[in-house]
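# Coordinate inspection notes
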Amino acid sequence: MQNPIIVALDVPEIETALQLVGQLAPVVGAFKIGSELFTSAGPEIVRRIRAIGAAVFLDLKFHDIPNTVVKGVAAATRLEVQMLTVHTSGGLKMMQAAEESAQQTALQSGRNAPLVLGVTVLTSLESHELSEAGMDEKIGRQVERLASLAAKAGLRGLVCSPLEITALRQLLPVKMQLVTPGIRTGAEKGDDQKRTLSPREAIDAGANWLVIGRPIYAAENPRAAAEEILASLP
Ligand code: C5P
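A brief report on the enclosed structure follows. (Residues numbered from 1 in each chain as written. Predicted model: local features only at pLDDT ≥ 70, side-chain atom pairs only at ≥ 80, totals over all residues. Heavy atoms only, no water.)

One full turn of an α-helix is made of 3.6 residues, so residues set three or four places apart face in the same direction. For helix α1 (residues 14-24), every residue scored as buried is listed here: Ile14, Ala17, Leu20, Val21 and Leu24. Within α1, the buried residues cover an arc of 130 degrees as seen down the axis, which keeps them to one side. Exposed and oriented more than 90 degrees from the buried face of α1 are Glu15, Gln19 and Gly22. Lining the buried residues of α1 we find β1 (5-8), β2 (30-33), α2 (35-41), α3 (43-51), α10 (214-217) and α11 (222-232). (Buried < 20%, exposed > 50% of the residue type's maximum accessible area, 1.4 Å probe, protein only. Helix = DSSP H or I, 4+ residues; strand = E, 2+ residues; numbered from the N terminus. Arc of directions from axis to C-beta. Contact = heavy atoms within 4.5 Å.)

All right, on to the environment of Leu9 then. Note on placement: Leu9 falls in the loop between β1 and α1. Here Leu9 falls in the buried class, since its relative accessible area comes to 0%. Along the backbone, Leu9 and Ala219 are 210 residues apart, and their C-alpha atoms lie at a distance of 13 Å. Once residues within four sequence positions are removed from consideration, Leu9 is found in contact with Ala17, Leu20, Val21, Phe31, Lys32, Leu37 and Ile49.

Once that is clear, we can look at the site of the ligand. Near the ligand, the surroundings consist of Ala8, Asp10, Lys32, Thr123, Pro181, Arg184, Gln193, Val211, Ile212, Gly213, Arg214 and Pro215. Between an oxygen atom of the ligand and a side-chain N or O atom of Lys32, the distance comes to 2.9 Å. A total of 460 Å² of accessible area belongs to the ligand in isolation, and the protein chains cover 82% of it. Secondary structure elements with two or more residues in the shell around the ligand: β8 (209-212) and α10. Among the residues forming the shell around the ligand, the class breakdown is 5 nonpolar, 3 polar and 4 charged. (Near = heavy atom within 4 Å. Polar contact = N/O pair within 3.5 Å; in protein donor to acceptor, adjacent residues only side chain to side chain. Areas by Shrake-Rupley, 256 points an atom, 1.4 Å probe, with all protein chains shown as cover. Nonpolar A, V, L, I, M, F, W, Y, C, P; charged D, E, K, R; others polar.)

Here we come to unusual backbone geometry. Even without being a glycine, Lys61 presents a positive backbone phi close to 45 degrees. With respect to the helices and strands, Lys61 occurs in strand β3 (residues 56-62). Within the chain, Glu80 stands out as a residue other than glycine whose phi angle is a positive 65 degrees. With respect to the helices and strands, the residue Glu80 is situated in the loop between α4 (66-78) and β4 (83-87).

Attention now goes to the pattern of salt bridges. Once the charged atoms of two side chains with opposite charge are near each other, the side chains can pair. A complete count under the given rule lists 10 salt bridges for this structure. Arg50 is the partner of Glu80 in a salt bridge, and the nearest nitrogen-oxygen pair spans 3.8 Å. Placement of the pair is Glu80 in the loop between α4 and β4 and Arg50 in helix α3, with a sequence separation of 30 residues. On the basis of relative accessibility, which here comes to 34%, the residue Glu80 falls in the partly exposed class. Residue Arg50 is classed as partly exposed on the basis of its relative accessible area, which comes to 22%. The partner of Arg141 in a salt bridge is Asp136, and the shortest N-O contact between them spans 2.7 Å. (Salt bridge = Lys/Arg side-chain N within 4 Å of Asp/Glu carboxyl O.)

Turning next to the sheet that holds β2. Here 8 strands make up a closed barrel; going around it, the order is β1-β2-β3-β4-β5-β6-β7-β8 and the pairing parallel. Sheet twist, expressed as the average angle between the axes of neighbouring strands with direction ignored, equals 25 degrees. Pairing analysis gives 3 bridges linking β1 to β8, with the strands arranged parallel. Across the sheet, residue Ile6 finds its bridge partner in β8, namely Val211. (Pairing = 2+ DSSP bridges. Axes fitted to C-alpha atoms, helices over the stretch in contact; angles between N-to-C directions.)

Further remarks concern the environment of Pro114. Residue position: Pro114 is located in the loop between α5 (92-108) and β5 (115-119). Each C-alpha atom of the pair Pro114 and Asp191 lies 31 Å from the other, and the pair is 77 residues apart in sequence. In this structure, Pro114 is in contact with Thr77, Val81, Gln82, Met83, Leu84, Ala102 and Arg156, ignoring residues within four places of it in sequence.

Listed below in structure tokens is the structure:
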């Protein structure tokens, strides 16, 4: 198994991010760049991390008309990221277009296509908020509906909460990669993640990748925290 730890670089400054990358690159599998860091540091942060050979997960959660998503995915593919995200609620055509754009752009430049990951229901949403927005108030049902749509569109991976892994494993093709945030080791102080599993539990349930932010970057010694998590895995 590859190293499944993806460190979320949820920091605003390029220097802080690169310092973390320098410490952690030998002991983790990839780095996730979200909207805060990308908006403040720009594509340069992706290039700098790729330049040292580390893998990048560009988490910008594209959700737009297919033509616009195609261009965003193509630009991310040209930056040589290994993973990126789109919202599954953008619909079948948008997801198909995203996957095709990743494949075509990679082919043109002789690279591997990035894994286009579908985001289903944000874990911050509660049941009444889903119905407020016109969706199925049963969160599990809404997640399964969108996950099936992602599989139908040809996406090869999904982001899901730790507590959705088991149900999605039963529903989806075995090859579907599941990427899971909401990972806690038990050593952290309370924060806003409510539905969590330990790294080992998430892998045992069927996750392929673990997105871990604060338990690593906010630890006193981020490298030791990452090494400890790695050692806890099967
Ligand atoms: O610090 P923490 O480990 O909670 O970081 C988790 C990362 O995963 C953050 O970047 C957060 O935005 C992201 N994420 C999440 N829950 C989701 C989707 C993404 O926590 N459902």
